[in-house]
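# Analysis of the macromolecular model
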Amino acid sequence: LAAALAKANLSADAAKRVLRAMFLAGRNDAPLVNVVSKLAGLGVAPRPPSAEEVRRLVAEVAAKGDAARGERVFRRADLGCLKCHALNKAGGNIGPDLGPVGAASPLDYIITSILDPNLSIKEEYLTKVITTASGTIVTGIVRERTKNQVTLKDATGKLVRIPADEVDMEANGKSLMPEGVTGILTRGESLDLIRFVSELGKPGPYAIPSASLVRGWKRLREVPAALREGVPNRDVLRDTVLRANPEAWEPVYALVNGTLPLDELRQGGEVVYLQGEVNVSRAGPVEVAVKSGTPVTFWVDEEPFENQARATVKLSAGRHRLTVRVAAADTVASGLRVEVRKSAKSKAQFEIVQGE
């Protein structure tokens, strides 16, 4: 296949799709990867766009870019945008929160920042490259520096603590955002992604949400049989969900409008369990409103609400967990949107925990 493709007139966009399909399938055959990468134009180091290229892109994004499609591109696992960037506090905290970026930045700046991430790096996101006395090289953003140690956050979000007396050399590095991150995208996908980022924070569907929506969720990685075989009782929920280790969960995030696309969560017929958190600073009654294409069961801590669109509960000060169960068959082309709001005359004060 590699030999045949080397002689074929394959477009760069088609080659990128082949490359993505290979990686998603777990295939890493070196000869085939090399050929397809060359056809995709990924064999050379990316170069910053010229002023003329940026001007052309500005016009093309405005004419052809689709923000709705671009949001799905932004969420793709192979790009990792949400691992580094939050959207209105929901997402990673390695890079800056992009929730208001479109309202605050012109389109040409956004294009340049995506295609040339090292051109302009804010001080708080400038990386440091530290070489230790043992020869280990660590690259990351400084999260804390004391007289005894330096704590870096690397590109995966991991905190690396280096004793001060182990630091041999320290230098400024580049942006943690990889160069050429859009190289794996087709031209249309790149235009859509840029259009989406440029709309963030502007009035309309990508404005900063005013409602108290759960946008940062955790999803139970493996659902045991006790949770798949019908709605669990209080004891089963407590033992298998509420007492699950932090490692049992993985983060998932809603769209900017607060809707969690359930079609992204389907896994081999499993039931999906999601969990959000509310941090209450002043006790009082709150209303939980659940909007979904199909009925769901949810719990506020251990209190169940089955096939209900809303429920009013009195919450004490402290953290409270909101757990939602969705049957796998109900996730096709469906979404989940959960709002937590104060009940009438309630004095409760709270904040949705959108991520750690």
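Residues numbered from 1 in each chain as written. Predicted model: local features only at pLDDT ≥ 70, side-chain atom pairs only at ≥ 80, totals over all residues. Heavy atoms only, no water.

## Here's the deal with the overall build of the chain
Put simply, the rule reads: Runs of E in the DSSP output that reach at least two residues are strands. Runs of H or I that reach at least four are helices, and both are numbered from the N terminus. Residue contacts are defined here by distance: any two heavy atoms, one from each residue, within 4.5 Å place the two residues in contact. All accessible-area figures derive from a Shrake-Rupley calculation using a 1.4 Å probe, and residue coverage is judged against the displayed protein chains alone. Positive charges come from Lys and Arg alone, negative charges from Asp and Glu alone, with His and the N- and C-terminal ends not counted. Charge positions come from single atoms, namely NZ of Lys, CZ of Arg, CG of Asp or CD of Glu.
Of the regular secondary structure elements, the chain holds eleven helices and 18 strands. A principal-axis box enclosing the C-alpha atoms of the chain has dimensions of 60 × 55 × 40 Å. Within the chain, residue pairs in contact and separated by at least 24 positions form 72% of the contacts whose partners lie at least 6 positions apart. When the accessible surface of the chain is split by element, carbon and sulfur atoms take 52% of a total near 18,700 Å². Placing the 49 positive and 42 negative side-chain charges of the chain at their respective mean positions leaves the two points 3 Å apart.

## What about the sheet that holds strand β4 (residues 137-145)?
Applied cut-off: Pairing between strands is defined by DSSP: at least two bridges between them are needed. An axis is simply a line fitted to the C-alpha atoms; with a helix, the fit covers only the stretch in contact. Between two such axes, the angle follows the N-to-C directions and lies from 0 to 180 degrees.
Sheet architecture is open: five strands sit in the order β6-β5-β4-β3-β7, paired in antiparallel fashion. In this open sheet, the two strands that pair with only one neighbour each are β6 (159-163) and β7 (167-172). Averaged over all neighbouring strand pairs, the angle between strand axes comes to 45°, with direction disregarded. Summarising the sheet, strand β3 (residues 127-132) and β4 pair through five bridges and their orientation is antiparallel. Its bridge partner lying in β4, Ile130 is registered against Val138.

## Re unusual backbone geometry
Test applied: Burial classification: accessible surface area is computed with a 1.4 Å probe over protein chains only, and a residue below 20% of its type maximum counts as buried, one above 50% as exposed, and the rest as partly exposed.
Phi is positive for Asn307, which is not a glycine, with a value near 55°. Within the element layout of this structure, Asn307 appears in the loop between β14 (303-306) and β15 (310-315). We classify Asn307 as exposed; its relative accessible area is 53%. The backbone of Lys345 shows a phi angle near 65°, a positive value even though the residue is not glycine. Its place among the elements puts Lys345 in the loop between β17 (335-342) and β18 (349-353).

## Digging into helix α8 (residues 107-115)
Every buried residue of α8 is accounted for by Ile110, Ile111, Thr112 and Ile114. On the buried face of α8, the contacting elements are α4 (51-64), α7 (101-104) and α9 (187-199).

## What about the packing of α4 against α9?
What counts here: When describing relative orientation, an angle under 35 degrees is termed roughly parallel and one over 145 degrees roughly antiparallel, while 65 to 115 degrees is termed roughly perpendicular and anything else oblique. Classification convention: Asp, Glu, Lys, Arg as charged; Ala, Val, Leu, Ile, Met, Phe, Trp, Tyr, Cys, Pro as nonpolar; all other residues, Gly among them, as polar.
For the pair α4 and α9, interaxial distance at closest approach is 9 Å and the crossing angle is 85°. When the interaxial angle is binned, α4 and α9 end up roughly perpendicular. Touching Leu57, Glu60, Val61, Ala62 and Lys64 of α4 are Arg187, Leu191, Asp192, Ile194 and Arg195, all from α9. Taken together, the residues of the contact of α4 with α9 sort by class into five nonpolar, no polar and five charged.

## Quick notes on the pairing of β14
In this sheet, β14 lies alongside strand β13 (residues 297-300) in antiparallel orientation, the contact comprising four bridges. Paired with Trp299 across the two strands is Pro304, which belongs to β14. In this structure, the hairpin formed by β13 and β14 is closed by a connection of two residues, where Asp301 is found at a positive phi of approximately 55°.

## Observations concerning the sheet that holds strand β10 (residues 260-261)
Each strand in a sheet pairs with its neighbour through backbone hydrogen bonds, running either in the same direction (parallel) or in the opposite one (antiparallel). Spatial strand order, β10-β17-β12-β15: four strands in an open sheet with antiparallel pairing. The open sheet has two edge strands with one neighbour each: β10 and β15. Two strands pair when backbone bridges link them, and strand β12 (residues 284-292) and β15 are joined in this way by six bridges, in the antiparallel orientation. Paired with Val288 across the bridge in β15 is Ala311.

## Some details on the packing of aromatic side chains
To keep it simple, the criterion reads: The rule is short: rings of Phe, Tyr and Trp, with Trp giving its six-membered ring, pair when the centres are within 6.5 Å, and they are stacked under 30 degrees, edge-to-face over 60, tilted in between. Only when the NZ of Lys or the CZ of Arg is both within 6 Å of the ring centre and within 35 degrees of the ring normal is a charge said to sit over the ring.
The final tally for this structure, using the stated rule, is three aromatic pairs. For the pair Phe196 and Tyr206, a centre-to-centre distance of 5.5 Å together with 85° between the ring planes defines the contact as edge-to-face. Residue Phe196 is found in helix α9, and its partner Tyr206 is found in the loop between α9 and β8 (216-220); the two are separated by ten residues along the sequence. Comparing Phe196 with Tyr206, the two get one shared label, buried. Both rings, one in Phe298 and one in Phe305, keep their centres 5.1 Å apart while their planes meet at 20°; by these two values the pair is stacked. Side by side, Phe298 and Phe305 carry an identical accessibility label, which is buried. Site record: aromatic cluster; members linked through ring pairs are Phe74, Phe196 and Tyr206. The positively charged end of Lys218 is found above the aromatic ring belonging to Trp249, 5.5 Å away from the centroid.

## Digging into the nonpolar core
Here is the rule: Here, the term nonpolar core denotes a set of buried Ala, Val, Leu, Ile, Met, Phe, Trp, Tyr and Cys residues that are joined through side-chain atoms within 4.5 Å.
Ranked by size, the top nonpolar core spans 30 residues in total, and within it Trp217, Leu260, Leu274, Phe298 and Leu336 carry the most contacts. With four residues, strand β11 (residues 272-282) is the largest single contributor of residues to this core. The residues touching Leu274, leaving out its near neighbours within four places in the chain, are Trp217, Lys218, Arg219, Trp249, Val252, Leu260, Leu262, Leu265, Leu322, Thr323, Val324 and Leu336. One finds Ala90, Ile184, Leu191 and Phe196 within the second-largest nonpolar core, a separate group that totals 28 residues.

## Some points on the pattern of salt bridges
Note the threshold: Salt bridge, as applied in this entry: a Lys or Arg side-chain nitrogen positioned within 4 Å of an Asp or Glu carboxyl oxygen.
All told, the structure shown has 23 salt bridges when counted by the stated rule. Note that Glu250 is salt-bridged to Arg219, the shortest N-O span being 3.9 Å. Highlighted residues: Glu250 in strand β9 (residues 249-253) and Arg219 in strand β8, separated in sequence by 31 residues. A residue is classified by how much of its surface remains accessible, and Glu250, at 22% relative accessible area, is partly exposed. For Arg219, a relative accessible area of 4% corresponds to the buried category.

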